[in-house]
Amino acid sequence: MTLSENPDRTRALLELLFHVSRELATALDLRTVLQRVLYGALQNVGGERCSIVVLDDSGKAVDATIVYGSEVHEHTTQQMRETMERGLAGWVIQNRKGVYIPDTAKDARWLMRPDDTDRIGSKSAICVPLLAREKLVGVLTLVHTTPNAFSIEQFDLMQAIADQAGIAVLNARLYTESQRQARVMTALAEGAAAMNASLRMDEVYQRILIQTMQALQVETVALGIVEDDKIVFRAAAGRNESAIRGKSIPLDRGVVGTVTREGRGVVVADVRLEENFDEADRLEGVEMRAMVIAPIQTQGRVIGILEAINPLAGAFDPDALLVMTGIGGLAGTSIQNAQLFERLQAAHKRYRDLFEESIDPIVITDWEGRILEANRQASLLSGYTREELQTMSIDQLHEVHWSKTGMEFELLRGDRMISYESTLHKSDETHIPAEVHARRVEFDSTDSIQWILRDITERKELDNLREDLTSMIYHDLRSPLANIISSLDVIATLVPEEERATVLSILKIAENSTDRIQRLISSLLDVSRLESGQPVADQTAVDTLALVRKTLEDVEPALRGRKQTLVEKLPEALPPIWVDEDMARRVLINLIENSSKYSPSESTVEVGARAEGEWVHFWVKDQGSGIPPSEQDHIFDKFTRIRGKGKIGGLGIGLAFCRLAVQGHGGRIWVESDTGKGSTFHFTFPVATEEQQASNVE
Ligand code: ADP
């Protein structure tokens, strides 16, 4: 007979279920719900012992309660595991259906529990699954000490109670979980807010400790940082904090070492039972009973550990590890932020120190050109105080070359340095020449422009002096020199025949020297003429081969004197060139003399030329000291001499003249060279056209 065939019993059953479900619905705490289910089953179905095991989503037993008569016991995890793996409950979980065993002695599924020994013998048992929304949330078992104690009706009733209880247990379990999660989340959220409220390292440490203390409720909290191959406790709070600070633990030892190496937190419920606990873990002066240790991590790297020692309540809450791991993660970010901030601060300070102590005058402006800062040298140079400068704009201080910077400094937006020569306005209304280097910088965490303003008064004065000297040389030396030359010519004619040979050789020496002085003076004159933009006036069609050969003849004795060999690389024929003959000759002489001057004795100087379309390309190649690439752009500037070649005399005017002369003819001049590997100077002069050649003849 089934229950439904008896209307009275059906009503009684419905009332019972209604009662059970109402009872269950009013409770949300898992333990209360479990107890109510168990009492309900014992009272309404009968039996002496009733137990319930709660499963989580993965089927793992998370809670269990057993009731003997009116006594409540909680299962240990070990007991739960056995029942689940091998016992009757295990069978029910696997098969997801209830079972009634009238005689446990005759059923292999019945597992004898150690505390059953006094009641050996046949029992009867009902075991049913708790299902909620198709999900298995637990197992309910009812036991009677005598066999055949239950009827099929009672089995059905148990099934019905289990169905009611399933939902209630699931709700209670979810509620407990959400409560726990909410607690953890709150602790972490509060922790995150508090820890990140500061960027000062000490304060960040302190905040991490306070949050851990509050969340875990322990006697002591310690914070260790990985430094080389050990953990050094940098901060501690609570009991014995001062004894802990500064202590260190090698990374290859103890629980602390393992947590750091593996990046996984642990709960040590009892120090005496923990195999991995090492003497190194013992913090002197702190009596250690239990602890939770979690790694402090940032970007997947363990940078330290957080250790909570001795829970005030005697044992750790089940969430302790979760909370500690969470705090460890947050702490990692906070500590890293603080570290980065400290480093940034240090970099700023370093920059500020450099800025203040720089021997260069520096001002910092915003992108509107307003002066934000100025160093001591900038004040000294300009005569304005720092405060005065801070009310000025950069274009009040110097003539900004807007074409270089851009009207809104947009050309400085890239990270390139922009340099130019300009005029600086001083507080006393005088002006001085200045070299300006502007560049984008980060100053006190602000995107700014740095302006270095170098006083170049002395350099300018020196340049002027050289210019004055140059003009003096050609005005005051040219005419006396012309007199000397013509006098020498006259002397040559006056010498009697018999002494002529000796005297002429002496006169030749004088002539060579006066030639050189004359060439130098002519070159100086040409430089200043060509620089001021005057064109080359005296162009004629010149026989190229004859010009080169004559020049080589002239310089050959000087090279021979230095045991140097002149090699000519000339083709059979070359077109005539359209040049100022004297200038072209001086260009060639200059380059050959340089090659000789900057080469060792017994080396070779090669001079060559070839026609290249409308140009004749000349070169002078030596085996001398060479010119480093960094200098190659500058050597054609006036007064440029390469440092380190101090012993060889010169004015630095030769190449400047060559460039101006060649370019004045529309040609190009350049050098190919490397230090120690010799140099080759190249230049081109234009080929004379048919008409030019014809005009020459006229
Ligand atoms: P200087 O009167 O000093 O020779 P120049 O204008 O002729 O002046 O040359 C400029 C600088 O270029 C020289 O001081 C020298 O350092 C370098 N230089 C010129 N020619 C050569 C060369 N053939 N080999 C090495 N260095 C050279």
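Please read all numbers here as calculations on a predicted model, not as lab measurements.

Criteria and thresholds
- Throughout, residues of each chain are indexed from 1 in the direction in which the sequence is written.
- At least 70 in pLDDT is required for a residue's local features to be given in this predicted model, at least 80 for side-chain atom pairs to be given and counted, and no such filter applies to totals for whole chains, interfaces and linings, which use all residues.
- With hydrogens and water set aside, each side-chain value is computed from the structure's full complement of heavy atoms.
- Pairing between two strands requires that DSSP report at least two bridges joining them.
- Each helix is a run of DSSP H or I of at least 4 residues and each strand a run of E of at least 2, with the numbering of both proceeding from the N terminus.
- In this analysis, axes come from line fits to C-alpha atoms, helices being fitted only over the stretch in contact, and the angle between any two N-to-C directions falls in the range 0 to 180 degrees.
- We call two residues in contact when some of their heavy atoms are within 4.5 Å.
- Each salt bridge in this description consists of a side-chain nitrogen of Lys or Arg and a carboxyl oxygen of Asp or Glu lying within 4 Å of one another.
- Within 6.5 Å between ring centres, the rings of Phe, Tyr and Trp (the latter by its six-membered ring) count as paired, and their orientation is classed by plane angle as stacked under 30 degrees, edge-to-face over 60, tilted in between.
- For each residue, the accessible area found with a 1.4 Å probe, counting protein chains only, is set against the maximum for its type, and the residue is called buried under 20%, exposed over 50%, and partly exposed in between.
- We define the nonpolar core as a collection of buried residues of types Ala, Val, Leu, Ile, Met, Phe, Trp, Tyr and Cys that are connected through side-chain atoms lying within 4.5 Å of one another.
- A domain assignment, automatic or from a database, supplies the domain bounds used here.

All right, on to the sheet that holds strand β23 (residues 669-673) then. Strand order in the open sheet formed by five strands is β19-β21-β22-β24-β23, with mixed pairing between adjacent strands. Of all the strands in the sheet, just β19 (565-569) and β23 have a single pairing partner and so form its edges. When the angles between neighbouring strand axes are averaged without regard to direction, this sheet yields 15°. Sheet topology note: the strand β21 (residues 604-612)/strand β22 (residues 615-621) ladder contains seven bridges and is antiparallel. Note on β22: the bridge partner recorded for R610 is H617. Packed onto the sheet, helix α16 (residues 544-561) meets β19, β21 and β22 and runs at close to 170° relative to β19. Strands β19, β21, β22 and β24 (679-686) of the sheet are contacted by helix α17 (residues 581-597), whose axis makes an angle of about 175° with β24.

Summed over all chains, the structure comprises 38 salt bridges. E421 is the partner of K460 in a salt bridge, and the nearest nitrogen-oxygen pair spans 3.0 Å. Pair noted here: K460 is in helix α14 (residues 457-494) and E421 is in strand β15 (residues 418-425), with a separation of 39 residues, a long-range link. We note a salt bridge from E593 to R519, for which the minimum N-O separation is 2.9 Å. Separated by 74 residues along the polypeptide, E593 in helix α17 and R519 in helix α15 (residues 500-531) bring together distant segments of the chain.

In this structure the tally under the stated criterion is 10 aromatic pairs. The interplanar angle of 75° and the centroid separation of 6.1 Å between the aromatic rings of Y100 and F150 together place this pair among those described as edge-to-face. Remark: F150 occurs in the loop between β6 (135-144) and α5 (152-195) and Y100 occurs in strand β4 (residues 99-101); sequence separation between them is 50 residues. As far as the burial class goes, Y100 and F150 line up, both buried.

Before going further, it helps to spend a moment on the nonpolar core. Looking at soluble globular proteins, one finds that nonpolar side chains tend to be buried together. Core analysis: the largest hydrophobic core is formed by 51 residues, its most contacted members being V587, I592, F683 and F685. The element best represented in this core is α17, accounting for seven residues. Residues lining this core come from more than one domain, with at least three contributed by each of domain 4 (460-530) and domain 5 (536-697). One finds L30, L38, L142 and L157 within the second-largest nonpolar core, a separate group that totals 38 residues.

A few words on the domain arrangement of the protein chain. Split into domains, the protein chain comes out as domain 1 (9-179), domain 2 (196-342), domain 3 (358-455), domain 4 (460-530) and domain 5 (536-697). Taking only C-alpha atoms into account, the centre of domain 2 sits 78 Å from that of domain 5.

A few words on the pairing of β24. The buried count for β24 comes to eight of eight residues, which makes it a mostly enclosed element. Burial along β24 is two-sided: the face carrying S679, F681, F683 and F685 and the face carrying T680, H682, T684 and P686 are both buried. As judged from the seven bridges shared by β22 and β24, these two strands associate in the antiparallel manner. Residue pairing in the sheet places F618 in a bridge with F683 of β24.

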